[in-house]
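A structural walkthrough
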Amino acid sequence: MNRTAGEARNDQRALIAAGVTVVLWASAFVSIRSSAAHYSPGALALGRLLTASVALGLVLLVKRVPLPARGAWPGILASGVLWFGLYMVALNWGEQLVDAGTAAMVVNIGPIVIALLGGWLLKEGFPPMLLAGMGVSFAGAAVVGLSTSGGESASLSGVLLCLVAALAYGAGVVSQKPALKYASPIQVTTYGCFVGTAFTLPFAGQLAAELPGAPLSATLNMVYLGLFPTALAFTTWTYALSRTTAGKMGATTYAVPALVVLISWIALDEVPGPLTLLGGAICLTGVAVSRRGARRRSTKATVSPGRT
């Protein structure tokens, strides 16, 4: 019974941490939109990662966190290059070539990649409710994407860049999971961020050239991206990932399109149409379905006789 109660508490804490991550990642889309007009894709990624690296580095110094164990480094290096580095540059670049709706649809392949790689490489299996929920959520993301595309023709280069971003995101998440066996969430996040910053250093010249001419609002949005959707949200993400499967975590990110619609409505006064609202509701329904199997298993374990 005690072990079951502990597992339930862990799952609840993971869900709360994932919720913080999802809200902050949704807010990032609004900030990226405000900064992208004044910063090139690589410069924006580097500025965001530099800000996050400074903040996370200060946390390590204050808390005197040691270096991660040797076994964590393969996952940290892979996630740093793929997710913190390649994903951010490819997504920023892709969103300049395609409309937001197309980008959202393509990037939302990422959670499916996570579920497939997690089930295969991490031996997490393929729970039917998780796969069903992800299917429902992807359909909702597609509806949101179609409703916001405005009928524009998509650039093939932009679609391919968004696909690269989705694959890098999925592979990066799956790389993080084994690293969390040897290192804490703050270690995996911070050193992954350091690796991503090093990966984007070739864009330092662009950042130095664009920074003086950018309006203060765009620079503040870049700093916000570094402090909250990166430093804080990636830490809460790894905390949650250390307490649940990669597949479940990937499924929670399907709440992002619905929250982006809500935040854009509040912050930018962009009133969503009926089709957009329907897509957001479908996304949230899919997330609920994907979590239902886990709750059902938890309940069965609690009432099962002989458990201690």
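The text that follows walks through the structure, step by step, so that each part is easy to find. (Residues numbered from 1 in each chain as written. Predicted model: local features only at pLDDT ≥ 70, side-chain atom pairs only at ≥ 80, totals over all residues. Heavy atoms only, no water.)

A closer look at unusual backbone geometry
Within the chain, Arg64 stands out as a residue other than glycine whose phi angle is a positive 55°. Among the structural elements, Arg64 can be located in the loop between helix H2 (41–63) and helix H3 (73–97). Among the residues examined, Arg64 registers a relative accessible area of 76% and is labelled exposed. (Helix = DSSP H or I, 4+ residues; strand = E, 2+ residues; numbered from the N terminus. Buried < 20%, exposed > 50% of the residue type's maximum accessible area, 1.4 Å probe, protein only.)

Side note on a nonpolar patch on the surface
On the surface, Ile16, Val20, Leu227, Phe228 and Leu232 cluster together into a nonpolar patch covering about 400 Å² of accessible area. Elements with a contribution of two residues or more to the nonpolar patch: helix H1 (2–35) and helix H10 (216–241). When residues in the nonpolar patch are grouped by element, the largest group, three residues, is from H10. Taking the relative accessible area as the measure of exposure, Leu227 reaches 35% and is therefore partly exposed. (Patch = residues over 30% accessible without salt bridge, like charges linked within 9 Å, V, L, I, M, F, W, Y side chains within 5 Å. Areas by Shrake-Rupley, 256 points an atom, 1.4 Å probe, with all protein chains shown as cover. Salt bridge = Lys/Arg side-chain N within 4 Å of Asp/Glu carboxyl O.)

So, the nonpolar core
Within the largest apolar cluster, 58 residues are counted, with the highest numbers of intra-cluster contacts made by Trp25, Trp83, Tyr87, Tyr169, Val173, Trp237 and Leu241. The element best represented in this core is H3, accounting for eight residues. Counting residues in hydrophobic clusters, the runner-up holds eleven residues, among them Ala43, Leu207, Ala214 and Met222. (Core = buried A, V, L, I, M, F, W, Y, C linked by side-chain atoms within 4.5 Å.)

Some details on the packing of aromatic side chains
Each aromatic ring pair is summarised here by two numbers: the centre-to-centre distance and the angle between the ring planes. Counted by the stated rule, this structure contains twelve aromatic pairs. Here the aromatic rings of Phe84 and Phe234 are separated by 4.6 Å at their centres, their planes lie at 40°, and the arrangement is tilted. In this pair, Phe84 is assigned in helix H3 and Phe234 in helix H10, connecting sequence segments 150 residues apart. Across this residue pair, the class does not change: Phe84 and Phe234 are buried. Among the aromatic residues, those joined into a ring-pair cluster are Trp25, Trp83, Phe84, Tyr87, Tyr169, Phe234 and Trp237. (Phe/Tyr/Trp six-rings, centres within 6.5 Å; stacked < 30°, edge-to-face > 60°.)

Looking at H10
Taking 1.5 Å of rise per residue, 26 residues should cover 38 Å, and H10 covers 35 Å from first to last C-alpha, within 8% of that figure. By the largest-angle criterion, Ala233 marks the main kink of H10, which is about 30°. (Expected span 1.5 Å × (residues − 1). Bend = angle between axes of the 7 residues up to and from the residue.)

Brief notes about the packing of H2 against H10
For any two helices packed against each other, one specifies the inter-axial angle together with the distance between the axes. Their axes nearest at 8 Å, the elements H2 and H10 cross at an angle of 60°. The angle between the axes of H2 and H10 places the two elements in the oblique class. Note that H2 runs across H10; the crossing there is right-handed. Residue-level inspection shows Ala43, Leu44, Gly47, Arg48, Leu49, Thr51, Ala52, Ala55 and Leu56 of H2 in contact with H10, the latter providing Met222, Val223, Leu225, Gly226, Leu227, Pro229, Thr230, Ala231, Phe234 and Thr235. For the contact of H2 with H10, the residue count by class is 13 nonpolar, five polar and one charged. (Axes fitted to C-alpha atoms, helices over the stretch in contact; angles between N-to-C directions. Parallel < 35°, antiparallel > 145°, perpendicular 65-115°, else oblique. Left-handed = near helix turned anticlockwise from the far one by under 90°. Contact = heavy atoms within 4.5 Å. Nonpolar A, V, L, I, M, F, W, Y, C, P; charged D, E, K, R; others polar.)

Quick word on the side chain of Thr219
Considering the arrangement of structural elements, one finds Thr219 in helix H10. Setting aside its immediate chain neighbours within four residues, Thr219 contacts Tyr39, Leu211 and Ala214.

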